[in-house]
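Summary of the model geometry
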Amino acid sequence: LHVRPGETITIHDYQLTLEGLIPTQGPNYRDLVARFRVRQGGVDIGLIEPAKRIFTARNFPTTEAALKTRWFSQLYVSPGDPAPDGSIAIRLFYKPFVLLIWIGPLIMMLGALFSLSDRRLRVGAPKPAARREPSPQPAE
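To start, this report covers the structure provided alongside it. (Residues numbered from 1 in each chain as written. Predicted model: local features only at pLDDT ≥ 70, side-chain atom pairs only at ≥ 80, totals over all residues. Heavy atoms only, no water.)

1. So, the packing of aromatic side chains
The condition is simple: Working definition: rings of Phe, Tyr and Trp (its six-membered ring) pair if their centres are within 6.5 Å, and the pair is stacked with planes under 30 degrees apart, edge-to-face with planes over 60 apart, and tilted otherwise. Here a helix means four or more residues in a row that DSSP labels H or I, a strand means two or more in a row labelled E, and each is numbered from the N terminus. Buried, partly exposed and exposed residues are distinguished by accessible area as a fraction of the type maximum, computed with a 1.4 Å probe on protein chains only: under 20%, between the cut-offs, and over 50%, respectively. For a Lys NZ or an Arg CZ to count as sitting over a ring, it must be within 6 Å of the ring centre and within 35 degrees of the ring normal.
All told, the structure shown has three aromatic pairs when counted by the stated rule. Between the aromatic rings of Tyr-76 and Phe-93, the centroid separation amounts to 5.8 Å while the plane-to-plane angle is 40 degrees, which identifies the pairing as tilted. Placement of the pair is Tyr-76 in strand β9 (residues 73-82) and Phe-93 in strand β10 (residues 88-95), with a sequence separation of 17 residues. What makes Tyr-76 partly exposed here is its relative accessible area of 23%. The ring of Tyr-76 carries the charged tip of Lys-95 above its face, separated from the ring centre by 5.0 Å.

Below is the structure:
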């Protein structure tokens, strides 16, 4: 998907408008930051700024993706290479309820704690010795 500055992309209930491509300089890298204004249902909810970063020492490119978390869902934007016409390639994903994945480990932890609450159910817990009555011995 290629986007030019000023264009708006819609995914799910979100509208992302590319405000511009901003070149920046870091201590050992150059960035091309894509600034997106994010709206949900027409209401402004903020900015996200993914970047294409090139480390100058080895001319090594990396991608700095941007996440916008809303309740249990996330927007994910990852920039690609800029095109000669001023547009930039992006990957855009909407991941509904992705943060609910953390409920699984919490339920497992609660189950483990619950299983430790009853001593009879613990694995490896010693069982009380059965009391044996002496058996009658024949008289001699």
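That was the structure; now back to the text.
2. Digging into the pairing of β10
Here is the rule we go by: Criterion used throughout: strands pair if DSSP finds at least two bridges between them.
Bridge analysis of strand β1 (residues 2-3) against β10 gives two bridges, and the strand direction is antiparallel. When the sheet's bridge partners are listed, His-2 is paired in β10 with Ala-89. Across seven bridges, the pairing between β9 and β10 is antiparallel. Paired with Ser-78 across the bridge in β10 is Arg-91. Where β9 folds back onto β10 in an antiparallel hairpin, the turn is made up of five residues, including Gly-86, whose phi is positive at roughly 95 degrees.

These figures come from the coordinates and say nothing about function on their own.
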